[in-house]
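Chain by chain, the residues:
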Amino acid sequence: MSENLKISRSQVSVVLNKLVKENKLVRIESKPFCFISVEYLKEKGIPFKDSVYASLDDLLSNKEKKDFEKLVGMNHSLAQTVKQCKATISYPPNGLPMLLYGSTGTGKSLIAKLTYEWARNQGVISKNGQFVQVNCSEYANNPELLTANLFGHVKGAFTGAEKDNEGLIALANNGVLFLDEVHELKAECQEKLFLFMDQGIYHRVGDNEKWYKSNVRIVFATTEDPGKVLLKTLIRRIPMTIMIPNLEERGTQERIELLYYLFHQEEKRLNCQIKMSNKVYNVLLQSKMPGNIGQLKSSVQSCCINSLFDKMDDELVIHLNHLPQELLQQVYKSKKAVLDDDEYIFIDDLQSYYNGTKEIIQLNENLLESFRKYRDEHMTLSNFMKAEKNYVQKYFDNLIFRKKESSQIDYYNRGIQHIFDLIESRYGLKITNNETLAIASFLDEIHHEYHDLRSWFLKHEEECDDLYQLLQEEFFRATKVSLEICEYLKSYLEMDMYSIIVCVFIFYVYNDKKDSRLTQKAAVILAHGFSTASSIADAANRFLGQYIFDALDMPLYVDTNAMIEKLNLYLDHIGKVKELYLLVDMGSLEDIYKGLHIENANIGIINNVSTPIALEIGNGIRNHVEMEDLFKNTIDAFHVGLTYHLEKNKLKQPVILCSCASGLGTAQKLKLMLEQSFPDGINLDVKTLNYSELIELGKKNAVFEEYDVLCVLGTLDPNIEDIPFVGIEDLIIEDTFSDFNQYFKDYMDEDQLNQFDKNILHNFSLSNLMNTLIILNPIKLLEQVANALDVLQKYLQIRFSNRTCFGLYVHICCLIERLVVSRMGEYKPSENFLREHKDFVEYVQKAFTPVEDFYGVEIPTEEIIYIFNYVKNN
Ligand SMILES: Nc1ncnc2c1ncn2[C@@H]1O[C@H](COP(=O)(O)OP(=O)(O)OP(=O)(O)O)[C@@H](O)[C@H]1O
């Protein structure tokens, strides 16, 4: 609507809500809000009482919120509380006594009242049963009066008892008696209460003859630790103690919902719309409130009262100066800037804040979304991992950024410090203090959003499990570490670790750089004894500061076959590796090797493993020492009793695959050009493949079985899973050339890569010229032009990009041939250009003099202008 009217959303909101106040519209608060004209409802004969309804269904059934529906948090932080209250009050036959225990202002009285309303609405207690509330602290100095008020008294029982009084217990017959601040109940009164709780009978004060009966359900409440302040005999009679959480523990979203609820009450009461400055909103949202919801409520009311004096029209605008003193003081103490801002939040808009998808759910949604793309083959594994890692990293960064202060987070933080110390010593995985804080906040989010998280998980369980399965298969190490973290967290925090949470940790722990190196190499220690292998691996990983070794502990008396079986199981788990280092304590190395199910990998096995040997090998792995050298060095260093067995023949040879949609001929030319471009001493294999075959059979083509295909080079991307594609044009564009370069990093050093780059450019230009030049020898001409351009670059003191070089090579070579053939030279020199770019013209002429002399031509000024423009766009 705001778009159509070309006015802001908040202006529209003001007008619509004004019409609601004037009883011209009814507001439906489902998302998005909608407004229905009162006239229309009347015309259609739809009955309605209120001006605001939670949903259309509520309007049509004319439904008001009843009992627990009025409790903010009933489906979240208070879900368990509500469940316990319902079960206790309705426990057959007459309910059970219950004790609500929580700090001041947490909502104990409200919950007691709503429990009563619920029981009445459900028919658990009869319609005539009343809710009778007694605050015991009001009688702290006069316990006799409390006893008399509770149990009733007869006329003349004490001074001032001018007539009989039946007492509150009688009044609460068939209903609920709520005894607030029960720790103030004095011993004499308690005795009488015990008898009543046990047998349902009592005497009125002043009459010890007559017994009275009443059928009452009792709800107690206290702010003090029941174990410390209540008599054991009383505690024994209360089978259910229900903890009510502090405001701090209810999560941000619920606090926003409370703010909406409390302000909305004031809007109704004052019959006007309320908005508050962003600063006020933040103070109300973040300030410490020892008085909990009670304090939040009184703060909201104070704000409204204070701002009433400044009210100009139908709107109440709340600024920092309207806040109650104690909150303002917190703002000043925090030493942050306290200027108010002019961004406002309308109370109605708060709903979208707490109704919006919670961040942790959004994160999970994003993770599954990318997983689906990967599963439906719209994404490669590495891009999928990048995307997932990015989501998780952003989420955690955000948690650190929004760092909340809460005792719960402190508690988690302290606990997990210890867990991550353990993880560091086992896997060499370093987690910084900031990161543990983010993880603590993450656990806090899980705790607060537990109910939503749980229902989300149950809805997506199968997909989450599939995602987990994939990660377990592809990223064995990250999974192993994450599983261990989750195991510790589970036993420490008694939290359910759903598979999606394990996945979040896997993405968090997964380090593409470290893991890609590690996934290429696996190192495992296998030894007999309860934890011999684990101890050696732990010690070596710790000293090396990196997770290098896995460990397989074997029972003392098992033979080589059992060892092999366990190893194969492990190998199935770790997925593809290019090098496997096996450190064993005993057994025939030949036999072990023969039994292994592993293909396409170099395998090295060494015996008599000990911590120093593991350190030596681990250090070599870390520093990329070649496998054979590493084993030789280790034997040299340790001499005694060490032997090794090496199998190198199973490694696939690397190859570059040329395949062009334009035909095999182009692919063959490409192959030749590539081979000619390799610097001296580099003999990488280049193969060609028919494009249609490549598309049709994909990964099933024999070439993938036989070779390790580094990339496909061609004209059109055949989209082969996990195999990168490089387009021909990328070879001559400097930016993308570096992408191509990366596939050769393991085979060429930096100088060779630079040479390769130059050769590619030269050979591509040449191949283009071969097809274009008719008379001149392209090889010779290109060499001369390339030299001239080198000289020109020196004169100009700039370096041309590959693309500029390529363009100029081709253009100038063709120009020279044109000049040679036509020998026209009829160009008109441009005087202006000659004047303004005297230097440039001179440089070109000087650089190209050898070429001009050789072919007997003169490059015309117009062409120099062309070169000038070309270089200008370099
Ligand atoms: N979950 C909630 N949703 C809506 N309003 C709430 C909620 N919890 C508390 N309130 C409101 O906050 C105020 C304080 O709550 P209440 O008096 O029930 O707390 P209490 O724990 O009984 O406090 P005290 O121990 O000081 O008596 C009340 O006005 C109550 O209506």
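All values reported here derive from a predicted model rather than from experimental measurement.

Criteria and cut-off values
Residues numbered from 1 in each chain as written. Predicted model: local features only at pLDDT ≥ 70, side-chain atom pairs only at ≥ 80, totals over all residues. Helix = DSSP H or I, 4+ residues; strand = E, 2+ residues; numbered from the N terminus. Buried ≥ 20, exposed ≤ 12 C-beta atoms within 10 Å, placed from the backbone. Contact = placed C-beta atoms within 7 Å. Axes fitted to C-alpha atoms, helices over the stretch in contact; angles between N-to-C directions. Parallel < 35°, antiparallel > 145°, perpendicular 65-115°, else oblique. Left-handed = near helix turned anticlockwise from the far one by under 90°. Near = placed C-beta within 6 Å. Nonpolar A, V, L, I, M, F, W, Y, C, P; charged D, E, K, R; others polar. pLDDT = per-residue confidence, 0-100. Pairing = 2+ DSSP bridges.

1. Section: the overall build of the protein
When its secondary structure is counted, the protein shows 40 helices and 22 strands. Each of the 874 residues in the protein was classed as buried or not, and the buried ones make up 32%. Of all intrachain contacts in the protein linking residues separated by at least 6 positions in sequence, the fraction that spans at least 24 positions is 71%.

2. Section: the packing of helix H22 (residues 476-493) against helix H23 (residues 499-509)
Interaxial distance between H22 and H23 falls to 8 Å at its minimum, and their mutual angle equals 125°. As the angle between them shows, H22 and H23 are arranged oblique. The two elements H22 and H23 cross, and the hand of that crossing is right-handed. Counted together, Ala478, Thr479, Val481, Ser482, Leu483, Ile485 and Cys486 of H22 and Ile501, Val502, Phe505, Ile506 and Val509 of H23 form the full contact between these two elements.

3. Some points on the site of the ligand
In the vicinity of the ligand lie 17 residues, with Val72, Gly107, Lys108, Ser109 and Gly294 positioned nearest. At the level of secondary structure, the elements contributing two or more residues to the shell around the ligand comprise helix H6 (108-121) and helix H14 (292-308). When the residues that make up the shell around the ligand are grouped by side-chain class, the tally is 5 nonpolar, 9 polar and 3 charged.

4. Here's the deal with the confidence of the model for the protein
Confidence along the protein averages 83 in pLDDT terms, with 89% of residues attaining 70 or more. The low-confidence segment residues 513-519, where pLDDT is below 50, has 6 contacts with residues more than four positions distant or belonging to other chains.

5. Let's talk about the environment of asparagine 306
Relative to the helices and strands, asparagine 306 resides in helix H14. On the basis of neighbour count, asparagine 306 is assigned to the partly exposed category, with 15 C-beta atoms found within 10 Å.

6. Quick word on the environment of threonine 666
Along the chain, the position of threonine 666 falls in helix H30 (residues 664-677). Residue classification places threonine 666 among the partly exposed residues on the basis of 18 C-beta atoms within 10 Å. Considered as a pair, threonine 666 and threonine 688 are 22 residues apart in the sequence and their alpha carbons are 9.7 Å apart.

7. Quick notes on the sheet that holds strand E15 (residues 549-554)
Spatially, the 5 strands line up as an open sheet ordered E15-E14-E16-E17-E18, and their pairing is mixed. Taken across any chain shown, the strands that pair with only one partner, and hence form the sheet edges, are E15 and strand E18 (644-647). Each adjacent strand pair in this sheet contributes to an overall mean axis angle of 15°, direction not counted.

8. Brief notes about the sheet that holds strand E6 (residues 176-180)
Read across the open sheet, the 5 strands follow the order E5-E6-E9-E4-E10; overall the sheet is parallel. Each edge of the sheet is formed by a strand with only one pairing partner; in this case those strands are strand E5 (131-135) and strand E10 (240-243). Neighbour to neighbour, the strand axes of the sheet diverge by 20° on average, direction disregarded. As judged from the 4 bridges shared by strand E4 (residues 98-101) and E10, these two strands associate in the parallel manner.

9. Topic: unusual backbone geometry
With omega at 0°, the peptide bond leading from proline 92 into proline 93 counts as cis. Positionally, proline 93 belongs in the loop between helix H5 (79-89) and E4. Its identity is not glycine, yet asparagine 174 carries a phi of approximately 70°, on the positive side. When you line up the elements, asparagine 174 lands in the loop between helix H8 (168-171) and E6. Given 16 C-beta atoms within a 10 Å radius, asparagine 174 is considered partly exposed.

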